[in-house]
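Chain residues, written in single-letter form:
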Amino acid sequence: MPDTIYDLIIIGAGPAGLAASIYASRYRINHLVIGKEPGGQAVEAHKVENWPGTKSISGFELTQNMREHAAGLGAEIVMDSISNISRGGDFFDVTAHTAQYKTKNIILALGMEYKKLSIPGEEEFKGRGVSYCPTCDAAFFGGKIVAVVGGGNSAASAAQLLAQYASKVYVIYRGEKLKVDPAYLENFSKNEKIEIIYNTNVREIKGNSNVERIILDKKYNDKDDLEVQGVFIEIGSEPGVELVKQLGVEADDQGFIIVNPDQSTNVAGIYAAGDATTGSNKLRQILTAAAEGAVAAASVYKKIQIS
Amino acid sequence: MAMQFTDQNFEQEVLKSDKPVLVDFWAVWCGPCQMMGPIVEELAEELKDKYKIGKMNVDENRETASKFGIMSIPTLIIFKGGEAVKQFVGVQAKENLKEELEKA
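The notes below deal with the structure included here. Since we're looking at a predicted model, the values are computed, not measured.

Let's shift gears to the overall build of chain B. Along its length, chain B carries four helices and five strands. The N-to-C order of helical and strand elements in chain B reads β-α-β-α-β-α-β-β-α. Taking 13 Å as the expected radius of gyration for a compact globule of 104 residues, we find that chain B reaches 12 Å, a close match to that expectation. Based on the C-alpha atoms only, the size of chain B along its principal axes is roughly 30 × 25 × 20 Å. Of the contacts formed within chain B by residues at least 6 apart in sequence, a portion of 68% connects residues at least 24 apart.

The next subject is the nonpolar core. All names here are of chain A. Counting 122 residues, the largest nonpolar core has A20, I107, V148 and L162 as the members making the most contacts within it. No other element matches helix α6 (residues 286–306), which puts eight residues into this core. Excluding anything up to four places from it in sequence, I107 contacts L8, I10, A20, Y271, A272, A273, A296, A297 and V300.

This part is about the environment of E83 of chain B. Tracing the chain through its elements places E83 of chain B in strand β5 (residues 83–89). A count of 8 C-beta atoms within 10 Å places E83 of chain B in the exposed class.

The next point concerns the interface of chain B and chain A. Frequently, the measure chosen for interface size is the accessible area removed from exposure when the parts meet. Counting from both sides, the interface comprises 18 residues of chain B and, opposite them, 26 residues of chain A. Here the side of chain B that touches chain A gets six residues from one element, more than from any other, and that element is helix α2 (residues 31–46) of chain B. The residue inventory of the side of chain B that touches chain A, partitioned by class, reads 11 nonpolar, five polar and two charged.

Our focus in this paragraph is the packing of helix α1 (residues 15–26) of chain A against α6 of chain A. Residue and element names in this part refer to chain A. Across the interface, α1 lies against α6 with an axial gap of 7 Å and an inter-helix angle of 40 degrees. In terms of orientation, α1 lies oblique with respect to α6. Where α1 crosses over α6, the handedness of that crossing is right-handed. Along the contact surface, α1 presents P15, A16, G17, A19, A20, Y23 and A24, while α6 presents I286, A289, A290, E292, G293, A294, A296, A297, A298 and V300.

With that settled, consider the environment of H31 of chain A. Residues and elements named next belong to chain A. Inspection of the secondary structure assignment puts H31 in strand β2 (residues 31–35). Separated by 46 residues in the primary sequence, H31 and I77 have C-alpha atoms spaced 9.3 Å apart. Beyond its immediate sequence surroundings of up to four residues, H31 is in contact with Y6, D7, L8, I9, I10, S21 and A24.

Basis of the calculations
- Within each chain, residue numbers correspond to sequence positions counted from 1 in written order.
- All chains are assigned letters beginning at A, and all ligands numbers beginning at 1, according to the order in which they are written.
- pLDDT decides what is reported in this predicted model: residues at 70 or higher carry local features, side-chain atom pairs at 80 or more are listed and counted, and totals for whole chains, interfaces and linings draw on all residues regardless.
- A run of DSSP states H or I qualifies as a helix once it reaches four residues; a run of E qualifies as a strand once it reaches two. Both are numbered from the N-terminal end.
- This radius of gyration counts C-alpha atoms alone. The globule rule is 2.2 Å times how many residues there are, raised to the power 0.38.
- Here, residue contact means that the backbone-derived C-beta atoms of the two residues sit within 7 Å.
- A set of buried residues qualifies as a nonpolar core if it consists of Ala, Val, Leu, Ile, Met, Phe, Trp, Tyr and Cys joined through C-beta atoms within 7 Å.
- In this scheme every C-beta is placed from the backbone, and a residue whose C-beta has 20 or more other C-beta atoms within 10 Å is buried, one with 12 or fewer is exposed, and one in between is partly exposed.
- Charged residues are taken to be Asp, Glu, Lys and Arg, nonpolar residues to be Ala, Val, Leu, Ile, Met, Phe, Trp, Tyr, Cys and Pro, and polar residues to be all remaining types, Gly included.
- All axes here are fitted lines through C-alpha atoms, helices being fitted over the stretch that makes contact, and every angle between N-to-C directions spans 0 to 180 degrees.
- Here is the rule for angles: anything less than 35 degrees is roughly parallel, anything more than 145 is roughly antiparallel, 65 through 115 is roughly perpendicular, and the remaining ranges are oblique.
- Handedness of a helix crossing follows the sense of rotation of the near helix relative to the far helix, less than a right angle counterclockwise being left-handed and clockwise being right-handed.

Put into structure tokens, the structure is as follows:
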């Protein structure tokens, strides 16, 4: 089998990876995009209303457009997950589930992964009452009682959406005060279906074939369990960077890959872009992810020209 | 092309199929499902001789979705001999599904 050595492999097929590919194609950089989830987290956004030039578009449609744009410029996009990256002399060996690749440079566009509660029952009842995607699953909970775990905007948006279907929505938050936009608070105070439980953690999710109740670490209305049929976990995301620790890529104390203004990391030949980096003041928007992807591709181009 | 399964044809096409069947439970409002769609189409094309592969819109076919307790989409189920033998929740990589079908 002939051994192709790519000039660049982009790992991740969300907005950062796809924008990097669009720029790489225009720079005529011989590259490959490998992603496990085309579109990344942006796919789940119900509406994106801050992408300049497009007033309102679904996350799926926007990322689909990006994918078509990248593919249309000739990008090779492979859907696969990476199990290992190692350095082999002047190259990096990238091992995916089904194939192995060699490349001179890498752009890590790894994105974020949903945080889990890591409590008993969470994994067991995934898809049987436990959900991480309110826009996908809210409609299955018509007339049911659900809990949203979390206290930020994503939890608030989940509660608001769920209240359209469910008979009751508990928002369970470990803190004293929700960290949400004022518009959500106004909505909550008017919505009789939504009830907020503060200073409380969920200890366990219980049921038989489906979720039936949750166990709280503190009594609420004199009981430490709560009857619910759904649990929506909205406690934020963390960078999906497990893969690169062994390469010696430096991350900050929250796990974000430390990047320079040109999106390079501390490892020569490895660049990073998008939500998983310390770039763009960690604003973590589709717009900033795409911008970082463009900068990373330009930096790779510069490096190739010099060498 | 991926088959379209419905409440009406489910028993005949899925439960009574002589080949293992992969069913992708999906809905139009679900972004990750839209992402899964093309992967299922590709699998259907590549593996059409060995397996039956298709999609079921849960919004239009509530009976079957509720019978199998679908509460999260995309959910993909592999059926063999009328039984659900493997279930996946969330977007799955094509190769992973291929491997699991081969094991079925």
